[in-house]
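Residue strings, one per chain:
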Protein chains: 2
Amino acid sequence: MKAVGIIAEYNPFHNGHAYHIQRAKELTGADLAVVVMSGNFVQRGEPAILDKWERTQLAMNSGADLVVELPVFYAVQPGHLFAEGAVKILQALGVEDLVFGSENPTIDFMDLAKKAAEIESQGQFTDRSQTYASAYAGQLEEATGFKLENPNDILAFSYAKAVLKSGLPMNLVPIGRLEAGYHDQTFAEDQTIASASSIRLALHKGKFDKVENVVPAETLAALKDKPNTLDFEKPFYDLLRYRLLTDTVGQLGQVYQMAEGLEHRLAATAGNPEAPQSYQSFIKAVKTKRYTFARIQRTLLYTLLNIKVDQMQAAMADSYIRLLGFNDLGQGYLSEVKRRATLPIISKVDMGLAKANLRLDYKAGQIWQVLAGQQGVKLGQDLSRKPIYQTKETKK
Amino acid sequence: MKAVGIIAEYNPFHNGHAYHIQRAKELTGADLAVVVMSGNFVQRGEPAILDKWERTQLAMNSGADLVVELPVFYAVQPGHLFAEGAVKILQALGVEDLVFGSENPTIDFMDLAKKAAEIESQGQFTDRSQTYASAYAGQLEEATGFKLENPNDILAFSYAKAVLKSGLPMNLVPIGRLEAGYHDQTFAEDQTIASASSIRLALHKGKFDKVENVVPAETLAALKDKPNTLDFEKPFYDLLRYRLLTDTVGQLGQVYQMAEGLEHRLAATAGNPEAPQSYQSFIKAVKTKRYTFARIQRTLLYTLLNIKVDQMQAAMADSYIRLLGFNDLGQGYLSEVKRRATLPIISKVDMGLAKANLRLDYKAGQIWQVLAGQQGVKLGQDLSRKPIYQTKETKK
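Keep in mind the model is a prediction, meaning the values are calculated, not measured.

Chemist: Hey, could you run me through the packing of aromatic side chains in this one?
Modeler: Think of a pair of aromatic rings as described by two things: how far the centres are apart, and how the planes are tilted against each other in angle. Taken as a whole, this structure holds 25 aromatic pairs over all chains when the rule is applied. Between F232 of chain A and F236 of chain A, the ring centres sit 5.8 Å apart and the planes meet at 75°, which makes this aromatic pair edge-to-face. Of the two residues examined, F232 of chain A and F236 of chain A, each falls in the buried class. On the basis of an interplanar angle of 90° and a centroid distance of 6.4 Å, the ring pair of F109 of chain B and F146 of chain B is categorised as edge-to-face. Taken together, the positions of F109 of chain B in helix 5 (residues 109–121) and F146 of chain B in the loop between helix 6 (132–144) and helix 7 (151–166) put the pair 37 residues apart, joining distant regions of the chain. Pairwise contacts between aromatic rings join F232, F236, Y237, Y279 and F282 of chain A into one cluster. Looking at K210 of chain A, its charged tip hangs above the ring of F187 of chain A, at a distance of 4.5 Å from the centre.

Chemist: Explain the domain arrangement of chain A here, please?
Modeler: The figure often quoted for interface size is the accessible area lost as the parts come together. Residues and elements named next belong to chain A. Assigned domains within chain A: domain 1 (3–104 + 150–225) and domain 2 (233–313). Between domain 1 and domain 2, a total of about 960 Å² is buried, with carbon and sulfur atoms accounting for 59% of that surface. Here domain 1 is connected to domain 2 by zero salt bridges. The interface formed by domain 1 and domain 2 contains five residue pairs in polar contact (both at pLDDT 80 or more). Partitioned by chemical class, the residues of the side of domain 1 that touches domain 2 number five nonpolar, three polar and two charged.

Chemist: Would you mind going over a negative patch on the surface with me for this structure?
Modeler: All names here are of chain A. Taken together, the side chains of E189, D190, D209 and E212 present a region of like negative charge at the surface. For D190, the location among the structural elements is in the loop between strand 5 (171–176) and helix 8 (196–204). Of the residues examined, D190 reaches a relative accessible area of 66% and is grouped as exposed.

Chemist: What is the right way to read the side chain of H17 of chain A from this model?
Modeler: Residue and element names in this part refer to chain A. Inspection of the secondary structure assignment puts H17 in helix 1 (residues 15–28). Given the relative accessible area of 15%, H17 is considered buried. One polar contact links the side chain of H17 to the main-chain amide nitrogen of H14, over a distance of 2.9 Å. When neighbours within four sequence positions are excluded, H17 is seen to be in contact with Y10, N11 and P12.

Chemist: Help me understand the packing of helix 2 (residues 52–61) of chain A against helix 9 (residues 217–225) of chain A, please; the structure alone is not making it clear to me.
Modeler: The axes of two packed helices give the description: the angle between them and the distance between them. All names here are of chain A. In the contact formed by helix 2 and helix 9, the axes pass within 10 Å of each other and the chain directions differ by 165°. Here helix 2 is positioned roughly antiparallel relative to helix 9, judged by the angle of their axes. Taken as a pair, helix 2 and helix 9 cross one another with a handedness that is right-handed. Residue-level inspection shows E54, L58 and N61 of helix 2 in contact with helix 9, the latter providing E218, T219 and A222. Here the contact of helix 2 with helix 9 is built from residues that sort into two nonpolar, two polar and two charged.

Chemist: Can you walk me through the interface of chain B and chain A in this structure?
Modeler: Listed by partner, the interface residues are 30 residues for chain B and 29 residues for chain A. Counting across the chain B and chain A interface gives two salt bridges. Of the charged contacts in the structure, one is a salt bridge between D247 of chain A and R243 of chain B, with a shortest N-O distance of 2.9 Å. Linking chain B with chain A are 20 residue pairs in polar contact (both at pLDDT 80 or more). In terms of residue count, helix 10 (residues 233–246) of chain B provides more of the side of chain B that touches chain A than any other element does, eight residues in total. Classifying every residue of the side of chain B that touches chain A by side-chain character gives 11 nonpolar, 11 polar and eight charged.

Chemist: I keep staring at the confidence of the model for chain A and nothing clicks. Help me out?
Modeler: For any part of a model where pLDDT is low, the fine detail of the predicted coordinates should not be relied upon. Confidence along chain A averages 92 in pLDDT terms, with 94% of residues attaining 70 or more. Here the predicted complex carries an ipTM of 0.91, next to a pTM of 0.92.

Chemist: Explain the pattern of salt bridges here, please?
Modeler: Opposite charge on two side chains allows them to pair when their charged atoms are near. Evaluated as defined, the whole model comprises 34 salt bridges over all chains. The residue K2 of chain B makes a salt bridge to D97 of chain B at a minimum N-O spacing of 2.5 Å. Taken together, the residues span a long stretch of sequence, with K2 of chain B in the segment before strand 1 (3–8) and D97 of chain B in strand 4 (residues 97–102) at a distance of 95 residues. Look at D97 of chain B and you get buried, because its relative accessible area is 6%. K161 of chain B serves as the salt-bridge partner of E120 of chain B, at 2.7 Å between the closest nitrogen and oxygen. Linking E120 of chain B in helix 5 with K161 of chain B in helix 7, this pair joins segments that are 41 residues apart in sequence. In this structure K161 of chain B comes out as partly exposed when scored by relative accessible area, which is 28%. If you follow the salt bridges from partner to partner, you end up with K52, E69, R322 and D382 of chain A in one network.

Chemist: Which parts of the structure should I look at to understand the relation of the copies chain B and chain A?
Modeler: Both copies of the chain are placed relative to one another by a rotation about an axis and a shift along it. Structural alignment of chain B on chain A gives an RMSD of 0.0 Å, achieved by rotating through 180° and translating 0.0 Å along the axis. When the rotation and shift are considered jointly, the pair of chain copies conforms to a two-fold rotation axis. Relative to the rotation axis, the C-alpha of L239 of chain B is the closest in chain B, positioned 3.3 Å from it. A share of 97% of interface residues in chain B that are also interface residues in chain A marks the association as one of identical surfaces.

Chemist: Can you walk me through helix 1 (residues 15–28) of chain B in this structure?
Modeler: Each full turn of the α-helix corresponds to 3.6 residues, which orients residues three or four apart in the same direction. All names here are of chain B. Over its 14 residues, helix 1 extends 20 Å from the first C-alpha to the last, a length consistent with the 20 Å expected when each residue adds 1.5 Å. Those residues of helix 1 that fall on the buried side of the exposure criterion are G16, H17, A18, H20, I21, A24, K25 and T28. On its buried face, helix 1 is in contact with strand 1, strand 2 (32–38), helix 2 (52–61), strand 4 and strand 5 (171–176). Within two residues after helix 1, G29 carries a phi angle of roughly 65°, on the positive side.

Chemist: Mind showing me how you'd approach helix 9 of chain A here?
Modeler: Residues and elements named next belong to chain A. Where helix 9 is concerned, the buried positions are T219, L220, A222 and L223. Buried positions in helix 9, seen along its axis, are confined to an arc of 160° and lie on one side of it. Away from its buried face, by an angle of more than 90 degrees, helix 9 presents the exposed residues A217, K224 and D225. Lining the buried residues of helix 9 we find helix 2 and helix 8.

Chemist: Please clarify how the pairing of strand 6 (residues 321–327) of chain B should be interpreted in this entry.
Modeler: If a strand is regular, its side chains alternate between the two faces of the sheet. Residues and elements named next belong to chain B. Among the seven residues in strand 6, seven count as buried, and that is most of the element. One ladder, built from four bridges, connects strand 3 (residues 66–70) with strand 6; its direction is antiparallel. Bridging across to strand 6, V67 finds its partner in G325. As judged from the two bridges shared by strand 6 and strand 7 (residues 345–346), these two strands associate in the parallel manner. Paired with I321 across the strands is I345, a residue of strand 7. Following the backbone out of strand 6, through helix 16 (residues 328–337) and into the adjacent parallel strand 7, one traces a crossover that is right-handed. Across three bridges, the pairing between strand 6 and strand 8 (residues 388–390) is parallel. Its bridge partner being in strand 8, F326 is matched across the sheet by Y389.

Chemist: How should I be thinking about the environment of M110 of chain B in this particular structure?
Modeler: All names here are of chain B. Structurally, M110 is set in helix 5. Taking C-alpha positions, M110 is 9.9 Å from A162, a pair spaced 52 residues apart along the chain. In this structure, M110 is in contact with A160, V163, L164 and L172, ignoring residues within four places of it in sequence.

Chemist: Please clarify how unusual backbone geometry should be interpreted in this entry.
Modeler: Excluding glycine, a negative phi dihedral is what most residues carry, and trans is how most peptide bonds are arranged. The omega torsion across N11 of chain A and P12 of chain A is 0°, close enough to zero to call that bond cis. The backbone of E260 of chain B sits at a positive phi, close to 55°, despite the residue not being glycine. Notably, S384 of chain B is not glycine yet its phi reads approximately 65°, a positive angle. As for its placement among the helices and strands, S384 of chain B is situated in the loop between helix 18 (359–371) and strand 8. Residue S384 of chain B is classed as exposed on the basis of its relative accessible area of 52%.

Rules used throughout
- Residues numbered from 1 in each chain as written.
- Chains lettered and ligands numbered in written order.
- Predicted model: local features only at pLDDT ≥ 70, side-chain atom pairs only at ≥ 80, totals over all residues.
- Heavy atoms only, no water.
- Phe/Tyr/Trp six-rings, centres within 6.5 Å; stacked < 30°, edge-to-face > 60°.
- Buried < 20%, exposed > 50% of the residue type's maximum accessible area, 1.4 Å probe, protein only.
- Helix = DSSP H or I, 4+ residues; strand = E, 2+ residues; numbered from the N terminus.
- Lys NZ or Arg CZ within 6 Å of the ring centre and 35° of its normal.
- Domains from an automatic or database assignment.
- Buried area = accessible area lost by both parts, 1.4 Å probe.
- Salt bridge = Lys/Arg side-chain N within 4 Å of Asp/Glu carboxyl O.
- Polar contact = N/O pair within 3.5 Å; in protein donor to acceptor, adjacent residues only side chain to side chain.
- Nonpolar A, V, L, I, M, F, W, Y, C, P; charged D, E, K, R; others polar.
- Patch = residues over 30% accessible without salt bridge, like charges linked within 9 Å, V, L, I, M, F, W, Y side chains within 5 Å.
- Areas by Shrake-Rupley, 256 points an atom, 1.4 Å probe, with all protein chains shown as cover.
- Lys, Arg positive; Asp, Glu negative; His and termini not counted.
- Charge placed at Lys NZ, Arg CZ, Asp CG, Glu CD.
- Contact = heavy atoms within 4.5 Å.
- Axes fitted to C-alpha atoms, helices over the stretch in contact; angles between N-to-C directions.
- Parallel < 35°, antiparallel > 145°, perpendicular 65-115°, else oblique.
- Left-handed = near helix turned anticlockwise from the far one by under 90°.
- pLDDT = per-residue confidence, 0-100.
- Least-squares fit on C-alpha atoms with pLDDT ≥ 70 in both.
- Expected span 1.5 Å × (residues − 1).
- Arc of directions from axis to C-beta.
- Pairing = 2+ DSSP bridges.
- Right-handed = clockwise from strand over helix to strand, strands pointing away.

The following block contains the structure:
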């Protein structure tokens, strides 16, 4: 069986994602689509607005045949680590085609990655300051004539670099985006495809009817019915501020990516009698030019989850394939590849795993539930949860 | 000037406390009353229902002339350490009389403490299990004929032992309690004195009119007007559970008084999908026969405040006299004794102190504010707060 790979967050799952899955199958002639999806937290350092099971179900309703989790230690990372973790999982599952969105789908991203590697090997990318990203793009443009500036292109470039680094073959297939730009904050009434961020914005404002045209009906129903984190900022900031008030700066200094004395600024800002009143204003208060907003937000999530440097490094060195859902095609594919899979396949989490390899995902799931106001819900995110099995009959 | 010492929590300040202050002055012929009062958390491991400044003001309205804080590292401790910390502060201020409530005010508690010391020196109190307290009381009764069983008597005995241990002279003056028993949970309409716990219970039920006869009008007004922690359990448990979900058991194991693997039971109970829904039921779920309810509650407060063994020990070895309020008499007394005070006198807290000696009180004050829903109130509990100075004119 031939599988095509997709790397996604589905935050939330919308019509553009459904199109992407169909198009990926068509373009590659694949029998099935394998999706590596961020778990309960996304790359920006925010909780996914629906939990990983809801999002798995929605993706499977729209053509995903096998969904596996991108563990939190890869999902909430700078782009290059996010890409490396996801590519590694697809490769471990024997997937040889990767289809991704791009603003410039005619570009050969592998070629671009190779040229970048050449430049890097000549030691030209040495500026690691806050202007690193733009300096890098500038040098790359000089060498290749292509300006790497759009968010999907940048992600595509990360995938190519990750594949190159892996030394394993993988076909990279860019597809052009319909209508919506990645960062678009608004969309028109007649659009059927909109960016995830513009959809989140509309949902956050309570405009459920506005998103009707751009998401599958099941996505809308799930958002209305299920616990979600549309309003995560207040509980997030309450807990974060509590931790910043009670941990010593020594403890905070051990948090992953807490660099250059940032822990002192975080503690001082949280402890100030005139501490910012909202999470957004807190981030603005601690941010410096050196860091992007997303980088700060990720560091604050690591702080909230109390993930230390050594734990993160150990986790990344010990990744796995966590099954979230599959249909008959996905199950058939799993049987075919499981013997040669190069990472352990995990279908059920017991307390032993929750305390060992999976401890960061387990913790992330518990805190997601707290942020979603799900305290006391008997069904946890991990313990005893089986992958969703979707027969033709159970498909909604 | 002759000062009489009082050790108190004033949680909240009621008519019995006012009577105690007046009676203490009368019995000893003192010119003024010096009160050592728990700060923002009380011995049971709970937040005081009004903050330390409110309670200082209320005590001064009813006859206290100088109020100093019993730091959190002594206030939230087993009885013998609570007593040692408080006695040490009174002695550091040159106070030579201590008046306290007792169910048996005719007993010579110093004599009792001396006899207990004799028995202890013979190595007879060796049973350190959960039955230690009653075994101790049993042996003491055998030796002295007096049954140490009432809560005020037990506290009085702790004061006597602390004075004995200090090697410094201090007159111990028990006074009988009016009407209310320490643990009484109810009181009649015609009572003017009721126990603090029965008052808290009535307040917690919202029965403000019921307590009108048993507290000064200012106490009632403060409870109605000011931020308080009458409903602290939900925010306390939310934050505690968050910490138990995110800290490693290794981290939890470093918390003060976390003994015999209790950290594992705490983490497992908090992480259970069927975790208890309230703080009370959580305590019951983790409690064993070996520990008293109060001991568990104190340990959970240390956990909430993230106070580690080494921090607690360092703090106790480095105590101080923190001024909360005084009137002209109190100020006169301070000038008289300040040169021979045997602990540093602190009247104003800057960031330097807040990060050093006073860091536990500073942290406790910040978390008290969080529990009281005071987040964002510009006036903190410590930084830049001056002691309340009550002239005859400002006395309410």
